[in-house]
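Survey of secondary and tertiary structure
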Amino acid sequence: MKTIVKTAVALGMPLAALPAVAALNVFACEQEWAALAQELAGDKASIYSATTALQDAHRVEARPSLIARVRSADLVICAGAELEVGWLPLLLTQSGNAKIQPGSPGYLEASQFVPKLEIPKVVDRALGDVHPSGNPHVHLDPRNIGRVAEVLTERLVQLDPASADTYKSRGNSFRERWRVAISRWEQQASPLKDVPVVVYHKDMSYFINWARMKEAGSLEPKPGLPPTPAHLAELVEQMKRNPAKVIVYSAYNSARAAEFLSERAKIPSVMLPFTVGGTDKAKDLFGLFDDTIGRLLEVVK
Amino acid sequence: MHGKAIIALAVAAALGLSHAATAQTQDELKSLREQVRQLDRRVADAEQAAIQASSRPAGENAMNPAVSVILNGIYSNLFQDPNAFRINGFVPTLGEVGPGVRGLSLGESELALAANIDHHFRGTLIASISSEDSIGVEEGYIQTLSLSYGFTVKAGRFFSAVGYQNQIHAHAWDFTDAPLANKVFLGNQLGEDGVQLKWVAPTDLYFDLGLELGRGRQFPAGPAGGRNKNGVGSGNVFTHVGGDFGTGTAWQTGLSYLSTSPQDRAFDDPAGTTNSFTGQSRLWVLDGILKWAPNFNPTYTNFKLQGEYFRRKEDGDLTSGTSAKTGGFASVQSGWYLQGVYQFVPMWRVGYRYDRLNSGTASFSAPLNPADFPILAPYSPTKHTLMADWSPSEFSRVRLQFASDKSRSDVTDHQVFLQYIVSLGAHGAHKF
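Residues numbered from 1 in each chain as written. Chains lettered and ligands numbered in written order. Predicted model: local features only at pLDDT ≥ 70, side-chain atom pairs only at ≥ 80, totals over all residues.

**A few points about the overall build of chain A**
Of regular secondary structure, chain A possesses 10 helices and 8 strands. Over its C-alpha trace chain A gives a radius of gyration of 21 Å, about what one expects of a compact globule, namely 19 Å for 301 residues. Dimensions along the principal axes, computed over C-alpha positions, put chain A at roughly 75 × 45 × 40 Å. Out of the 301 residues in chain A, the part that is buried amounts to 49%. (Helix = DSSP H or I, 4+ residues; strand = E, 2+ residues; numbered from the N terminus. Rg over C-alpha atoms; globule rule 2.2 N^0.38 Å. Buried ≥ 20, exposed ≤ 12 C-beta atoms within 10 Å, placed from the backbone.)

This is the structure we're talking about:
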């Protein structure tokens, strides 16, 4: 009898694991959008991030656990611009959830609402894993966070009108705090102007553009392809002629290639959080920029 | 004296006030300048955005579906004659179960088109072009987008959700060929014309339930192409449970049950006669998959473990081509495989697969003579397969594979394959 009860309880487990009854279930593809949704919705939403700062959003498995989360989502917010093309379409079609299909209010691609950089003139896979709509890593320009915050607030209001006042006041408060923070960061980041930087992947372009740094090369020979010894050797040579001041890589990259170049070219390398959770200090979006600028200033000064 | 003091005080007060006023104006000016500066940058950005927007493609072909092409070519070195290939102990399935031709050959090329049809449906067509210049519809289906509550309906031709590997396109397989169990129980790969209804539970633990009703156009149904009758020729029910362990391991396990009533399902015995079966065929498949990558980041290293267990019961009437007699036939057969694939550095993977089949029990009742069915004589085939592949990008792969295949009871076939598989065009998404 006891065994039967235990089995029944075990079988009932999936039902007990039903998501908590917050008004809105938000599924974010990346940590930065989960953090933004958290700022704007507070406890009105239950927020799930599909990836952590230690994952490369290009390469994610369409795991059963992700399909299960999309199944119950009221809003899916992702970077877009083909960043999640290898896994998100599967989650959407497998979920049996009409609310979050592209074109519905429950589907939001952040990159659609910001001016994109690096839109290729020529689209050819021989150039690496290029994104025809432009560089998708838009969140590292803090002004883009502000732009997406506006759109996201509108969506939250549209999807959950009962809590409209909360979303609006949280939205206003966030945007005001964000505006002040941007002014502060612009001042703090002024020594970074014109500093040449070597990146790992082209995931720092929006930050580089905002801080008016100069990209002097990338460890990947072509976007999306892992660093090769031949390409690194070429970079060492290039650094002899035109030395960069800093080599950066993201929390989800291996440090090996950056350290190799750093030793040979005598240029400091620094790991950047890239998104919320990438370092201890990058606890939220404010911390993300504080820490990114702080880490760069430490080596650039 | 008194007056002077008052004047001095007044002047001082006025000065102080004007000083405060100046400071206030300066603050305002500063913030205004800041706002203008920010506006300036926004205008510049807006201009840039406008330029970008204007460069987007326009015209009739802007609505083209996502197109992708899979090309693959292979060099095969086979110790035994592939034309004499058979899997002893099991009914030939008439599928593409053999190891292919010897020497250099073009594998199957695939052309895939997919797009949302409207807000209700998505359509997919995958045509395969064989190296013998014939075109086949591998999959061609529509799928609902707008049903809610976790329901999706698929209709058309699609790979049946029986087991795990069956639903995966050959170009995404981890080995050059299908496991022996898929060859003998599903004729390599079962594509069905029919309807699939699937429901995903609203739980954090993934759980789905599905039902497929099909024409029964391929083995284990029969005859090939489907029976000449109204209604349904095959049914499949399936369920999956899946989730994560910790922050690096994802798992899924599934159970499916495929039931068909083949009629005059013919097979040629190696002796040259044609036998046929009419009766019931029921297949159970239990599958499991586990994928590991540190922090779910498969870029540098990852590991994949996959296995399936098949068990089939058939009973009905068998007609012998040798004696032209019909009698009762029943069998219970099983098979399984287990494979592991490890990416040890970026771009490089190695894998091993073990296959085993059990021809189990077969009973022939009078007037049938078991000796008239030499291929069904009890035998348990096994196979060892080793592979290494190199993927310089997400879109290309070169693979070397060795196999020691004991599908035939009398000889061991040593097989070497060198293969390339590439994809052009739209970036496909791969199932878990």
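**Regarding the overall build of chain B**
Broken down by element type, chain B carries 2 helices and 18 strands. Radius of gyration (C-alpha) of chain B: 33 Å, far over the 22 Å computed for a compact globule of 432 residues. Taken along the three principal axes of its C-alpha coordinates, chain B extends 145 × 45 × 45 Å. Out of the 432 residues in chain B, the part that is buried amounts to 34%. Considering only contacts in chain B between residues 6 or more positions apart, those separated by 24 or more positions represent 61%. (Contact = placed C-beta atoms within 7 Å.)

**A closer look at the pairing of strand 17 (residues 396-406) of chain B**
Residue and element names in this part refer to chain B. Relative to strand 17, strand 16 (residues 382-393) runs antiparallel, the two sharing 10 bridges. Of the residues in strand 17, the one forming a bridge with Asp389 is Arg399. The turn linking strand 16 back onto strand 17 is made up of 2 residues. Inspection of the sheet shows strand 17 paired to strand 18 (residues 413-425) by 10 bridges, in the antiparallel sense. Along strand 18, the bridge assignment pairs Ser396 with Val422. Count of turn residues in the strand 17/strand 18 antiparallel hairpin: 6 residues. (Pairing = 2+ DSSP bridges.)

**Comments concerning the packing of helix 8 (residues 229-241) of chain A against helix 9 (residues 256-265) of chain A**
Residues and elements named next belong to chain A. Two elements in contact, helix 8 and helix 9, have axes separated by 10 Å at closest approach and are oriented at 35°. In this structure, the crossing between helix 8 and helix 9 has a hand that is right-handed. Contacts from Leu232, Leu235, Val236 and Met239 of helix 8 reach helix 9 at Ala257, Phe260, Leu261, Arg264 and Ala265. When grouped by side-chain class, the residues that make up the contact of helix 8 with helix 9 number 8 nonpolar, no polar and 1 charged. (Axes fitted to C-alpha atoms, helices over the stretch in contact; angles between N-to-C directions. Left-handed = near helix turned anticlockwise from the far one by under 90°. Nonpolar A, V, L, I, M, F, W, Y, C, P; charged D, E, K, R; others polar.)

**So, the domain arrangement of chain A**
Residue and element names in this part refer to chain A. Segmenting chain A into domains produces domain 1 (20-184) and domain 2 (191-300). Computed over C-alpha atoms only, the centres of domain 1 and domain 2 are separated by 25 Å. Counting residues at the interface gives 28 residues for domain 1, matched by 24 residues for domain 2. Elements with a contribution of two residues or more to the side of domain 1 that touches domain 2: helix 2 (31-41) and helix 5 (142-159). Looking at which element gives the most residues to the side of domain 1 that touches domain 2, the answer is helix 2, with 5 residues. Partitioning the side of domain 1 that touches domain 2 into residue classes produces 12 nonpolar, 8 polar and 8 charged. (Domains from an automatic or database assignment.)

**Focus: the sheet that holds strand 1 (residues 24-28) of chain A**
All names here are of chain A. Pairing is parallel across the open sheet formed by 4 strands, whose spatial order is 2-1-3-4. Each edge of the open sheet carries a strand with a single partner, namely strand 2 (45-49) and strand 4 (107-109). Along the sheet, successive strands turn relative to each other by an average axial angle of 20°, direction set aside. Pairing between strand 3 (residues 75-78) and strand 4: 3 bridges, direction parallel. Bridge assignment links Ile77 to a residue of strand 4, and that residue is Leu108. Sheet contacts for helix 2: strand 1, strand 2 and strand 3; angle to strand 2, the most-contacted strand, approximately 170°.

**Points about the sheet that holds strand 6 (residues 214-218) of chain A**
The strands making up a sheet associate through hydrogen bonds between their backbones, and the pairing can be parallel or antiparallel. All names here are of chain A. Pairing is parallel across the open sheet formed by 4 strands, whose spatial order is 6-5-7-8. For this open sheet the edge positions go to strand 6 and strand 8 (269-272), each flanked by a neighbour on one side alone. Direction aside, the axes of adjacent strands within the sheet are offset by 35° on average. Sheet analysis places strand 5 (residues 196-199) next to strand 6, joined by 4 bridges and oriented parallel. Counted as the bridge partner of Val199 is Ser218 from strand 6.

**Comments concerning the packing of helix 2 of chain A against helix 5 of chain A**
Residue and element names in this part refer to chain A. It is the contact of helix 2 with helix 5, at a shortest axis distance of 10 Å, that shows an interaxial angle of 55°. Viewed along their axes, helix 2 and helix 5 adopt a mutual orientation that is oblique. By crossing handedness, the relation of helix 2 to helix 5 is classed as right-handed. The segment helix 2 lies against helix 5, with Leu36, Ala37, Leu40 and Ala41 engaging Ile145, Val148, Ala149, Leu152, Thr153 and Leu156. Classifying every residue of the contact of helix 2 with helix 5 gives 9 nonpolar, 1 polar and no charged. (Parallel < 35°, antiparallel > 145°, perpendicular 65-115°, else oblique.)

**What about the interface of chain B and chain A?**
Reports of interface size often rely on the accessible area that becomes lost once the parts have come together. Contacts between chain B and chain A engage 45 residues on the former and 43 residues on the latter. With 5 residues, helix 1 (residues 2-54) of chain B is the single largest residue contributor to the side of chain B that touches chain A. Of the residues contributing to the side of chain B that touches chain A, the split by class is 20 nonpolar, 17 polar and 8 charged.

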